[in-house]
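Residue-level structural notes
Each chain, written out:
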Amino acid sequence: MAISPFKFLQEVRSETAKVTWPTRRETMITTMMVFVMVALASVFFFASDQIIRYLVTLVLGIH
């Protein structure tokens, strides 16, 4: 069963009309939350890396 390109575009338009798009405020809040979570993850992994480095050098006796 082949669907014509015109029919396909009509269906796409119909479906996109059903989408609830976020407001500018919601987008800004979500973006800021992402930046905060990235910063927290960066600090966590940096601290974890430093602790593991310290423990490995302590165990292996490397100075």
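Scroll up a little and you will see the structure.
The structure displayed is predicted, hence computed values, not measured ones.

1. Thoughts on the overall build of the protein chain
Along the backbone of the protein chain there are two helices and zero strands. Relative to its full complement of 63 residues, the protein chain shows a buried share of 0%. In the form shown here, the protein chain has an accessible surface area of approximately 6400 Å², with 73% of it arising from carbon and sulfur atoms. Computing the positive centroid from 6 side-chain charges and the negative centroid from 4, the protein chain places the two 6 Å apart.

2. A few points about helix 2 (residues 24-60)
If you check helix 2, its first and last C-alpha atoms are 54 Å apart, about what 37 residues at 1.5 Å a residue would give, namely 54 Å. Backbone geometry just downstream of helix 2 places G61 in the positive-phi region, at approximately 70 degrees.

3. A short note on the environment of P5
Assignment of secondary structure puts P5 in helix 1 (residues 5-18). The exposure class of P5 is exposed, given its relative accessible area of 62%. Along the primary structure P5 and F44 are separated by 39 residues, whereas in three dimensions their C-alpha atoms are 50 Å apart.

4. A closer look at a nonpolar patch on the surface
A cluster of nonpolar residues, I52, V56, V59, L60 and I62, forms a patch on the protein surface that exposes about 510 Å² of accessible area. Examined against the element boundaries, I62 turns out to sit in the segment after helix 2.

Rules used in this analysis
- Residues numbered from 1 in each chain as written.
- Predicted model: local features only at pLDDT ≥ 70, side-chain atom pairs only at ≥ 80, totals over all residues.
- Heavy atoms only, no water.
- Helix = DSSP H or I, 4+ residues; strand = E, 2+ residues; numbered from the N terminus.
- Buried < 20%, exposed > 50% of the residue type's maximum accessible area, 1.4 Å probe, protein only.
- Areas by Shrake-Rupley, 256 points an atom, 1.4 Å probe, with all protein chains shown as cover.
- Lys, Arg positive; Asp, Glu negative; His and termini not counted.
- Charge placed at Lys NZ, Arg CZ, Asp CG, Glu CD.
- Expected span 1.5 Å × (residues − 1).
- Patch = residues over 30% accessible without salt bridge, like charges linked within 9 Å, V, L, I, M, F, W, Y side chains within 5 Å.
- Salt bridge = Lys/Arg side-chain N within 4 Å of Asp/Glu carboxyl O.

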